[in-house]
Amino acid sequence: MVSIGFADTSGAQESRTPQWLRQGFSVKVSHRRDNGEMMQLVDPILASVQQSVVQVTSGGRPVALGTVVGADGYVLTKRSELSGGDPIRVRLHDGRLLPARVAAVRRANDLALLKVDANFDFKPAEFYPQQPPVGSFLITPGRTGRPIGIGSLGVLERRVEHKGRLGVVLGNSTNGRARVEGVWPDSGADEAGIEPEDQIIAINGQEVFNSDNVINTLRGMFPGESVQLTILRSGSTMEMNAGIREFGVLQESENDSRVNGPRNVRLSGFDRVFQHDTVLDPDQCGGPVLDSSGRVIGLNIARAGRVVSYALPSSLLLPEMVNMLQEARGSAN
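Residues numbered from 1 in each chain as written. Predicted model: local features only at pLDDT ≥ 70, side-chain atom pairs only at ≥ 80, totals over all residues. Heavy atoms only, no water.

Re the overall build of the protein
Secondary structure summary: the protein contains eight helices and 20 strands in total. Each of the 333 residues in the protein was classed as buried or not, and the buried ones make up 44%. Only carbon and sulfur atoms are counted for the fraction: they give 50% of the accessible area of the protein, which is about 16,900 Å². (Helix = DSSP H or I, 4+ residues; strand = E, 2+ residues; numbered from the N terminus. Buried < 20%, exposed > 50% of the residue type's maximum accessible area, 1.4 Å probe, protein only. Areas by Shrake-Rupley, 256 points an atom, 1.4 Å probe, with all protein chains shown as cover.)

Quick word on the packing of aromatic side chains
For the structure on display, the rule yields two aromatic pairs. Over the face of the ring belonging to Y74 we find K115, whose NZ or CZ atom lies 5.5 Å from the ring centre. Residue placement shows R165 over the ring face of F247; its charged tip is 5.3 Å from the ring centre. (Phe/Tyr/Trp six-rings, centres within 6.5 Å; stacked < 30°, edge-to-face > 60°. Lys NZ or Arg CZ within 6 Å of the ring centre and 35° of its normal.)

Observations concerning the nonpolar core
Among the nonpolar cores identified, the biggest contains 34 residues, and L113 and I301 are the most heavily contacted of them. When residues in this core are grouped by element, the largest group, six residues, is from helix α8 (residues 314-332). The contact partners of L113, leaving out residues within four places of it in the chain, are V69, Y74, V75, L76, R101, V102, A103, A104, M324, L325 and A328. (Core = buried A, V, L, I, M, F, W, Y, C linked by side-chain atoms within 4.5 Å. Contact = heavy atoms within 4.5 Å.)

Remarks on the side chain of H276
Within the secondary structure, H276 is located in strand β17 (residues 270-276). Relative accessible area serves as the criterion here: at 1%, H276 is assigned to the buried category. For H276, the side chain forms a polar contact with the side chain of T278, separated by 2.9 Å. What H276 contacts, discounting residues up to four positions off in sequence, is L138, T140, S152, L153, G154, N300, V307, V308, S309 and A311. (Polar contact = N/O pair within 3.5 Å; in protein donor to acceptor, adjacent residues only side chain to side chain.)

Keep in mind that these numbers describe shape and distance, not what the molecule does.
As structure tokens, then:
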């Protein structure tokens, strides 16, 4: 019997591997900015918000983070992720789950102020109104005060025009009414069952006439919001609800959507945001974003792309927050 031996070829294989490739495989994970060592390094920076970040659930599932802004139980979060009829609860840093209600909203910047019913003092975050320069490191903390992402500031404050669309192509019928000539696939109109030749005769109970009238009415609706449409079809009227969607998302190819991954339902229509490259899940928006000194410089408001996140700057948040708190506390008296 002849035995066949196998020589150790690992050294030979290594010698045939290009130097640049061997170096690439030898790069340690610790060189990544979001590795465990880096996360431990920034832990002390987040001490100021350790008890100021909560998780917001709606309909029994996590939908956003929230930032405590009042010692009497007020929390600022992202409005468009909250479903209207579902109960809202807030999970605190220590795991307690408490009921909450919407106390004030600001549609223009997708903000909701929640009131948590509890008999203890919350620890509000302190917002710092100045922004660091482009290229600065930013840190996003989670509910337990631990970092969930590290990124860098890429673009300074700018306005992001809203790009919400119902998803219909409109013309005018012979009677002057707005007539649907086409429907965008996967749009809110498509999902609601709107068909070509339908006439839109009312929006949210308000009568509309020609296509310009419909377009001007819908222009005030943001992505993530729903409208009630009164439709005339073959001589009969019907009511249907349709969602406003991001037009940029409707235009994407399947490959674009796969690359960008899951995003928030509202990605546009903000008075001012700064952009950073922290990779966040959609339900990780609504919480604070900190600079490398641990100061709260904004609130994450949207995951807009694979490495594109938007945050409302503290200079915009502070007056909005004060106004919302005054409104909520005044209505509670």
